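One-letter residues, chain by chain:
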Amino acid sequence: MDQSVVVITGGQGVLGTAAADLARERGWTVALIDHAPGDAEAPDRLTLGGVDLTDADAARAAMQAVADRFGGIDALLNIAGGFVWQRTEADAPAHEKMFRLNLMTCLNATRAALPWLKRSPEGRVVNVGANGAVKAEAGMGAYAASKAGVHRLTEALARELKDTTVTVNAVLPSILDTPQNRKDMPDADPGDWVTPRDLAAVMLFLASPGARAVRGALVPVTGRV
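A closer look at the overall build of the protein chain
Right, so step 1: Along the protein chain, the regular secondary structure elements total six helices and eight strands.
Right, so step 2: Listed by position from the N terminus, the elements making up the protein chain come as β-α-β-β-β-α-β-α-β-α-β-α-α-β.
Right, so step 3: For the protein chain, the C-alpha radius of gyration of 17 Å lies close to 17 Å, the compact-globule estimate for 225 residues.
Right, so step 4: Per-residue burial over the protein chain gives 49% buried out of 225 residues.
Right, so step 5: Nonlocal contacts in the protein chain, meaning residues at least 24 apart in sequence, comprise 68% of its contacts between residues at least 6 apart.
Right, so step 6: Accessible surface computed for the protein chain: about 10600 Å², of which carbon and sulfur atoms make up 52%.
Right, so step 7: Here the protein chain contributes 23 positive and 26 negative side-chain charges, whose respective centroids are spaced 5 Å apart.

Structure below.
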């Protein structure tokens, strides 16, 4: 990848870590942005912790810091987000929280990175939607609505950028094989789920020059489901 620079939001989570490890193996220079604390540098890695991407100003400052450190941004993987299972009649609906964590972090990070992505020969935005937002099940209303917003943002921005070198796509995973999901669903078969590394591999393909003809795609990544 000739040391192209990829920014990964939610970079210290399970999927973000998998994406960062795989990107570094493939020659990317990696910048991690996360709400969790963290501050570390290496020749091919920068970690910016304590960043609230629901705040547009904080997102702009973080992207500026990445560009100042590495000279630009070539790809953005929008992984930051959250999940809640909640019935619609719950006393404190989580819809606003889910929209802030899933849609607004994606929007703010993307808007902040776009000036540099447009300068890149192969600018890329890869969002994380959800297979569960295609048809929502019980208790998934708040989460699915926010992720459906990510899907529509992906499609709209891809069209808006059709005359540039920047492509915008999203992956739609089913259940990820994470320690937390194994704990929450002890009777399920994790073999049916998607490993973080496998999902990261699809995201990095969409972030590669070889995916330049893919625009506005919502790519299901569902393992054996």
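This is not the end of the story, as more comes after the structure.
Structural notes on the packing of aromatic side chains
Any aromatic ring pair is given by two values, namely how distant the centres are and how the planes are angled relative to each other.
Right, so step 1: Counted under the stated rule, the structure contains one aromatic pair.
Right, so step 2: Consider the rings of Phe83 and Tyr143, whose centres lie 4.8 Å apart with planes at 75°: the pair is edge-to-face. With Phe83 in the loop between strand S5 (75-78) and helix H3 (95-117) and Tyr143 in helix H4 (residues 141-160), this residue pair connects regions lying 60 residues apart in the sequence.
Right, so step 3: Taking the relative accessible area as the measure of exposure, Tyr143 reaches 13% and is therefore buried.

A short note on the side chain of Ser120
Right, so step 1: Counting through the fold element by element, Ser120 comes out in the loop between H3 and strand S6 (124-128).
Right, so step 2: With sequence-adjacent residues up to four places away left out, Ser120 is seen in contact with Ile73, Asp74 and Thr165.

Remarks on the packing of helix H2 (residues 56-70) against H3
Packed helix pairs are specified by the crossing angle of their axes together with the interaxial distance, meaning the distance between the axes.
Right, so step 1: Across the interface, H2 lies against H3 with an axial gap of 8 Å and an inter-helix angle of 35°. Every pair of crossing elements has a handedness; the one defined by H2 and H3 is right-handed. Listed contacts from H3 to Ala56, Ala59, Arg60, Met63, Gln64 and Ala67 of H2 are Asn108, Ala109, Ala112, Ala113 and Trp116.

With respect to H3
Right, so step 1: For H3, built from 23 residues, the straight-helix expectation of 33 Å at 1.5 Å per residue is met to within 8% by its first-to-last C-alpha distance of 31 Å.
Right, so step 2: The largest bend in H3 comes to about 35°, at Met104.

Notes on helix H1 (residues 14-25)
Right, so step 1: For H1, built from 12 residues, the straight-helix expectation of 16 Å at 1.5 Å per residue is met to within 8% by its first-to-last C-alpha distance of 17 Å.
Right, so step 2: At its buried positions, H1 is contacted by strand S1 (5-9), strand S2 (29-33), S5, S6 and helix H6 (196-206).

Side note on the pairing of strand S7 (residues 167-173)
Right, so step 1: Counting buried positions along S7 yields seven of seven residues, so the element is predominantly enclosed.
Right, so step 2: Judged by which residues are buried, S7 turns out to be covered on both faces: Thr167, Asn169, Val171 and Pro173 on one side and Val168, Ala170 and Leu172 on the other are all buried.
Right, so step 3: With respect to chirality, the unit in which S6 leads through H4 into the neighbouring parallel S7 is right-handed.

Topic: the pattern of salt bridges
Right, so step 1: The final tally for this structure, using the stated rule, is seven salt bridges.
Right, so step 2: Taking the shortest distance from any N to any O, the salt bridge between Glu122 and Arg212 comes out at 2.8 Å. In this pair, Glu122 is assigned in the loop between H3 and S6 and Arg212 in the loop between H6 and strand S8 (218-221), connecting sequence segments 90 residues apart.
Right, so step 3: On the basis of relative accessibility, which here comes to 23%, the residue Glu122 falls in the partly exposed class.

Calculation notes
Residues numbered from 1 in each chain as written. Predicted model: local features only at pLDDT ≥ 70, side-chain atom pairs only at ≥ 80, totals over all residues. Heavy atoms only, no water. Helix = DSSP H or I, 4+ residues; strand = E, 2+ residues; numbered from the N terminus. Rg over C-alpha atoms; globule rule 2.2 N^0.38 Å. Buried < 20%, exposed > 50% of the residue type's maximum accessible area, 1.4 Å probe, protein only. Contact = heavy atoms within 4.5 Å. Areas by Shrake-Rupley, 256 points an atom, 1.4 Å probe, with all protein chains shown as cover. Lys, Arg positive; Asp, Glu negative; His and termini not counted. Charge placed at Lys NZ, Arg CZ, Asp CG, Glu CD. Phe/Tyr/Trp six-rings, centres within 6.5 Å; stacked < 30°, edge-to-face > 60°. Axes fitted to C-alpha atoms, helices over the stretch in contact; angles between N-to-C directions. Left-handed = near helix turned anticlockwise from the far one by under 90°. Expected span 1.5 Å × (residues − 1). Bend = angle between axes of the 7 residues up to and from the residue. Right-handed = clockwise from strand over helix to strand, strands pointing away. Salt bridge = Lys/Arg side-chain N within 4 Å of Asp/Glu carboxyl O.

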